[in-house]
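# What the coordinates show
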Amino acid sequence: MIVTTKKLFEAAYGNYAIGAYNINNLEQTMGLFQGNLDSQAPFIIQISKGARSYTHKTMLEGLIRSAEEVFPEAIFAVHLDHGDEQTCYDCIESGFYSSVMIDASHEPFEENIAITRRVVEAAHARGLVVEAELGMLGGVEEHISVAEADAKLTNPDQALEFVERTGCDSLAVAIGTSHGAYKFSGSQALRFDVLEEIQKRLPGFPLVMHGSSSVPQEEVERINAAGGKLHGAKGVDANQFKRAAQLGVTKINIDTDGRLVWTRVHREYFLEHPENIDLRKPGKIFMAEYARFIAAKNEKLGSAGQLEHVRKLLSD
Ligand code: G3H
Ligand code: 13P
Ligand code: ZN
């Protein structure tokens, strides 16, 4: 059943976070649904602009609609990840997505507000909800000063003004994470002090944490042992998810960790079976491993075991 993220956030707020997982193909879709059902978790499927153009945007819609039939118990939202204004409108019109993210965080504050406001009006008119972003996620490099690094984080006072003026339904905040496999340097970590200040100004309002892959070292070592070259890869400590959830984070975005699972499975498989040309063999292993990965992640997020509670809330 496809629902809006709003419903999922109402159920989760203050207690746990919903996993938001990016998909690009059939194998990820199968593993994603299987892992969420194995762990009895509601979830969010994220589709990026890149995913929409990897084959054809209609292919992903077809995959997800089919998965809904194959896994009728699943409860999930379909969400555009990091949309620009035009892509948001395209998804809103499609009638398939239940929420969109407008990412105008690279624009000046006033322009970010104006663009976000336009998307919110279009989305709300069609019953969709909107995630917006304020602050700059990004690699925090060694040479940048503490003041410079802080300036990129979400300003709590601006967050309140932004939400009030745009009418967005959830807000992605920059609190020290970055996208990809190379996060943090030196002693940098998640900035719970900043998150706490944001929550004080926006009590009860759903916050989103991007760039939340953990980049497990065991995964990185296995990839490198099978011929990969990932040096200095590092991620977010998944044991910090529940603390973030208590401070208002209801959605945690994870893409890179899934890519690591894919890379490890395929590198190891072909190293061990150099004679194989049957794509289904590693594909089958990947689907099972991805399902296991999703179920384990949901335990860390606290969303595991919440499916029946969410179903009950939806039917009340
Ligand atoms: O934040 C970006 C996500 O990891 C999606 O990545 O744009 O390469 O599909 P992508
Ligand atoms: P990771 O690169 O940490 O997986 O973050 C994904 C993300 O934020 C998608 O929007
Ligand atoms: Zn992101």
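Now for a description of the structure that goes with this document. (Residues numbered from 1 in each chain as written. Chains lettered and ligands numbered in written order. Predicted model: local features only at pLDDT ≥ 70, side-chain atom pairs only at ≥ 80, totals over all residues. Heavy atoms only, no water.)

### So, the layout of surface pockets
Put simply, the largest pocket is a space of about 320 Å³. Contributing to the lining of the largest pocket are 15 residues, with Pro-216, Glu-219, Val-261, Phe-293 and Ala-296 lying nearest its centre. Elements that contribute at least two residues to the lining of the largest pocket include exactly helix H10 (217–225), helix H12 (256–272) and helix H13 (280–301). If one sorts the elements of the lining of the largest pocket by residue count, H13 sits on top with six residues. Of the residues in the lining of the largest pocket, the class split is five nonpolar, one polar and nine charged. (1 Å grid on protein atoms, 1.4 Å probe; cavity = no way out; pocket = protein on both sides within 12 Å on 5 of 7 lines; lining within 4 Å. Points joined across faces, edges and corners; volume = space filled by probe spheres on them. Helix = DSSP H or I, 4+ residues; strand = E, 2+ residues; numbered from the N terminus. Nonpolar A, V, L, I, M, F, W, Y, C, P; charged D, E, K, R; others polar.)

### Some remarks on helix H5 (residues 85–94)
When H5 is considered as a whole, its buried residues turn out to be Glu-85, Thr-87, Cys-88, Cys-91 and Ile-92. Seen end-on, H5 carries its buried residues on one side only, within an arc spanning 160°. Away from the buried face of H5 by more than 90 degrees, exposed residues Gln-86 and Glu-93 are located. Among the structural elements, helix H3 (49–54), strand S3 (76–83), strand S4 (99–102) and helix H6 (109–125) are those in contact with the buried residues of H5. With its phi angle positive at about 75°, Gly-95 sits one or two positions after the end of H5. (Buried < 20%, exposed > 50% of the residue type's maximum accessible area, 1.4 Å probe, protein only. Arc of directions from axis to C-beta. Contact = heavy atoms within 4.5 Å.)

### Description of the pairing of S3
The buried fraction of S3 amounts to seven of the eight residues, a majority that puts the element mostly inside the structure. Of the pairings in the sheet, the one linking strand S2 (residues 43–48) to S3 comprises six bridges and is parallel in character. Of the residues in S3, the one forming a bridge with Ile-44 is Ala-77. In this structure, S3 lies alongside S4, joined through three bridges in parallel fashion. The partner of Leu-80 across the bridge, within S4, is Val-100. Handedness of the crossover joining S3 and S4 through H5: right-handed. (Pairing = 2+ DSSP bridges. Right-handed = clockwise from strand over helix to strand, strands pointing away.)

### Topic: the packing of helix H8 (residues 156–166) against helix H9 (residues 192–201)
In a pair of packed helices, the angle between the axes and the distance between the axes together describe the arrangement. Two elements in contact, H8 and H9, have axes whose closest approach is 8 Å; the angle formed by their N-to-C orientations is 40°. In this structure, the crossing between H8 and H9 has a hand that is right-handed. Contact with H8, carried on its side by Pro-156, Asp-157, Ala-159 and Leu-160, involves Val-194, Glu-197, Ile-198 and Arg-201 of H9 and no other residues of that element. (Axes fitted to C-alpha atoms, helices over the stretch in contact; angles between N-to-C directions. Left-handed = near helix turned anticlockwise from the far one by under 90°.)

### Overview of the site of ligand 2
Close to ligand 2 lie 15 residues, the nearest being Asp-81, Lys-183, Ser-213, Asp-255 and Thr-256. Protein burial of ligand 2: of its 310 Å² of free accessible surface, 96% is covered by the chains. Residue assignment for the shell around ligand 2 shows that the elements contributing at least two residues are S3 and strand S8 (249–254). Each residue belonging to the shell around ligand 2 can be placed in one class, and the counts come to one nonpolar, eleven polar and three charged. (Near = heavy atom within 4 Å. Areas by Shrake-Rupley, 256 points an atom, 1.4 Å probe, with all protein chains shown as cover.)

### Looking at the site of ligand 1
Near ligand 1 you find Asn-22, Ser-48, Asp-81, His-82, His-179, Asp-255 and Arg-259, and these make up its full shell. The contact in question runs from an oxygen atom of ligand 1 to an N or O atom on the side chain of His-179, over 3.2 Å. One of the side-chain nitrogen or oxygen atoms of Asp-255 is found 2.6 Å away from an oxygen atom of ligand 1. The fraction of the free accessible surface of ligand 1 (300 Å²) that becomes covered by protein chains is 66%. Taken together, the residues of the shell around ligand 1 break down into no nonpolar, four polar and three charged. (Polar contact = N/O pair within 3.5 Å; in protein donor to acceptor, adjacent residues only side chain to side chain.)

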